[in-house]
Amino acid sequence: MNLNDKSKIYIAGHRGMVGSAIWRALEAKGYSNLIGQTSSELDLRDQEAVTSFFSEHKPDVVIDAAARVGGILANNTYPYQFLMENMQIQNNLIDSSFRTDVQKFIFLGSSCIYPKLAPQPLKEEHLLTGPLEPTNEWYAVAKITGVKACESIRKQYGRDYISLMPTNLYGPFDNFDLNTSHVLPAMIRKFHLAKEGGNVPVELWGSGTPMREFLYVEDLADAVVFALENEFHDNLYNVGTGVDLTIKELAELIQKTVGHSGEILWDSSKPDGTPRKLMDVSKMENAGWKAKVGLEEGIKKTYQWFLENQESFKEVKI
Ligand SMILES: NC(=O)c1ccc[n+]([C@@H]2O[C@H](COP(=O)([O-])OP(=O)(O)OC[C@H]3O[C@@H](n4cnc5c(N)ncnc54)[C@H](OP(=O)(O)O)[C@@H]3O)[C@@H](O)[C@H]2O)c1
Ligand SMILES: C[C@@H]1O[C@H](OP(=O)(O)OP(=O)(O)OC[C@H]2O[C@@H](n3cnc4c(=O)[nH]c(N)nc43)[C@H](O)[C@@H]2O)[C@@H](O)[C@H](O)[C@@H]1O
């Protein structure tokens, strides 16, 4: 497709951590015809509403950054919502895009689509080669169907519909609610509150032994713009740093950044989840994209954002 700065680009989920980063990145590159709808303006679970939105606005490009998103506890507590809502949202967006001739669609999945015990680092071809991690298999199955829906349109109709599989993301506008968030924002808030409370102990979940990879959200937004501006000849690409660390090492890094000097306690009644999910990022690197922001720098930026926006960050109520 002939993309230009007047192309109409619809960012679904444009207020979220990922969607807002993509919006800022596109604006910075001069794209002036961006459209977004809040979930109260357009509930993407409502097929009829999505169909009429697409027939009215006819976007040239769709970037799907809308989903029911949460950390390990939220996924494990609300399996039906994480499965059904994510299938409804993505399927409505993908099918309406197909029917209104959208030529470029970027779908965002997650590294949890790969089998729990797949060989590490995770390669795109490991998809569907083994059982999923039980704490988030519901969300993973939804995301896998999104990947397959885009792949089927590329295969049958030759449309440039691609799926990017980001690793764990963090950064400005993240969800800092301690029940529904992911580990990195939860640790920032917990260590900050404990420091302010006189360096009281911090209680974290699980054993601290699982390993995780973290990509700063503005790097992901950069990868999405890269995928938008370049012709991709395959349907599935991992997006990450290719570097991971234990949850315990992450805790010590965040404790140092925040300046907390108390004890760290581990609540073994909470799930560890997947032991490791390090991404093989060579396919995206061969396509010409590489992450730039290191973890220490990204945590410092995110903590700074947290301090400046404590009153405004969203508390996601599930
Ligand atoms: N965060 C991560 O670690 C991570 C990792 C890998 C992949 N991803 C993927 O990245 C994407 C965005 O994640 P995120 O972290 O940015 O999540 P987020 O901050 O919770 O944003 C999700 C967005 O989806 C929108 N949304 C949810 N339900 C909706 C509905 N029924 N109708 C319309 N809009 C709805 C919300 O809109 P409103 O704000 O208007 O309510 C929100 O802006 C998701 O596809 C997620 O799977 C995230
Ligand atoms: C990218 C996301 O990865 C998610 O898996 P996943 O990394 O285990 O999700 P997280 O919630 O980030 O948890 C990562 C690891 O951090 C541990 N952890 C320690 N303390 C905390 C805490 O205070 N809060 C949280 N949330 N975790 C904590 C948690 O037990 C787990 O082993 C999937 O559930 C999502 O669907 C999505 O795919």
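If you're wondering where the values come from, they're calculated on a predicted model, not measured in any experiment. (Residues numbered from 1 in each chain as written. Chains lettered and ligands numbered in written order. Predicted model: local features only at pLDDT ≥ 70, side-chain atom pairs only at ≥ 80, totals over all residues. Heavy atoms only, no water.)

1. Here's the deal with the site of ligand 2
Thought 1: Taken together, 22 residues form the shell around ligand 2, and within it S110, N168, K190, P271 and D272 come nearest.
Thought 2: A distance of 2.8 Å separates an oxygen atom of ligand 2 from a polar side-chain atom of N168.
Thought 3: A distance of 2.8 Å separates an oxygen atom of ligand 2 from a polar atom in the side chain of R212.
Thought 4: Notes on ligand 2: free accessible area 700 Å², of which the protein chains cover 98%.
Thought 5: Of all the elements in the fold, those that place two or more residues in the shell around ligand 2 are α3 (72-77), α6 (183-196) and β7 (202-205). (Near = heavy atom within 4 Å. Polar contact = N/O pair within 3.5 Å; in protein donor to acceptor, adjacent residues only side chain to side chain. Areas by Shrake-Rupley, 256 points an atom, 1.4 Å probe, with all protein chains shown as cover. Helix = DSSP H or I, 4+ residues; strand = E, 2+ residues; numbered from the N terminus.)

2. Some thoughts on the UniProt feature "site: Important for catalytic activity" (unreviewed entry) in the protein
Thought 1: In the UniProt entry, the feature "site: Important for catalytic activity" (unreviewed entry) is given for S110 and C112. Within the annotated group just given, the residues that line the largest cavity are C112.
Thought 2: With respect to the helices, strands and loops of the structure, S110 is situated in the loop between β4 (104-108) and α5 (137-157).
Thought 3: When residues no more than four places from it in sequence are discounted, the contact partners of S110 are Y139, M165 and P166.
Thought 4: Structurally, C112 is set in the loop between β4 and α5.
Thought 5: Beyond its immediate chain neighbours, meaning those up to four positions away, C112 contacts L132, N136, Y139, A140 and K277. (UniProt positions renumbered as here; feature names shortened; annotations may be inferred. 1 Å grid on protein atoms, 1.4 Å probe; cavity = no way out; pocket = protein on both sides within 12 Å on 5 of 7 lines; lining within 4 Å. Contact = heavy atoms within 4.5 Å.)

3. Brief notes about the pattern of salt bridges
Close approach of charged atoms allows side chains with opposite charge to pair.
Thought 1: A full pass over the atoms with the stated rule returns 22 salt bridges.
Thought 2: Put simply, R24 and E218 hold a salt bridge, and the shortest N to O gap is 3.5 Å. Of this pair, R24 sits in helix α1 (residues 17-28) while E218 sits in helix α7 (residues 217-229), and the two are 194 residues apart along the sequence.
Thought 3: When the shortest N-O distance is used, the salt bridge between E151 and K148 registers 2.9 Å. Remark: K148 and E151 occur in helix α5; sequence separation between them is three residues, near one turn of the helix.
Thought 4: The class for E151 is partly exposed, based on a relative accessible area of 26%.
Thought 5: Connected through shared salt-bridge partners, D43, R45, R68 and E85 make up one network. (Salt bridge = Lys/Arg side-chain N within 4 Å of Asp/Glu carboxyl O. Buried < 20%, exposed > 50% of the residue type's maximum accessible area, 1.4 Å probe, protein only.)

4. Observations regarding helix α2 (residues 47-57)
Thought 1: Taken as a whole, α2 has its buried residues at V50, F53 and F54. Viewed end-on, α2 has its buried residues packed into an arc of 95 degrees, placing them on one side of the element. α2 presents E48 and E56 as exposed residues on the side facing more than 90 degrees away from its buried surface.
Thought 2: Lining the buried residues of α2 we find β1 (9-12), β2 (34-35), β3 (61-64) and α4 (79-99).
Thought 3: At the N-terminal boundary of α2, the capping side chain belongs to D46, with an oxygen 3.1 Å from the backbone nitrogen of E48.
Thought 4: The positive-phi residue at the C-terminal boundary of α2 is K58, with phi of around 40 degrees. (Arc of directions from axis to C-beta.)

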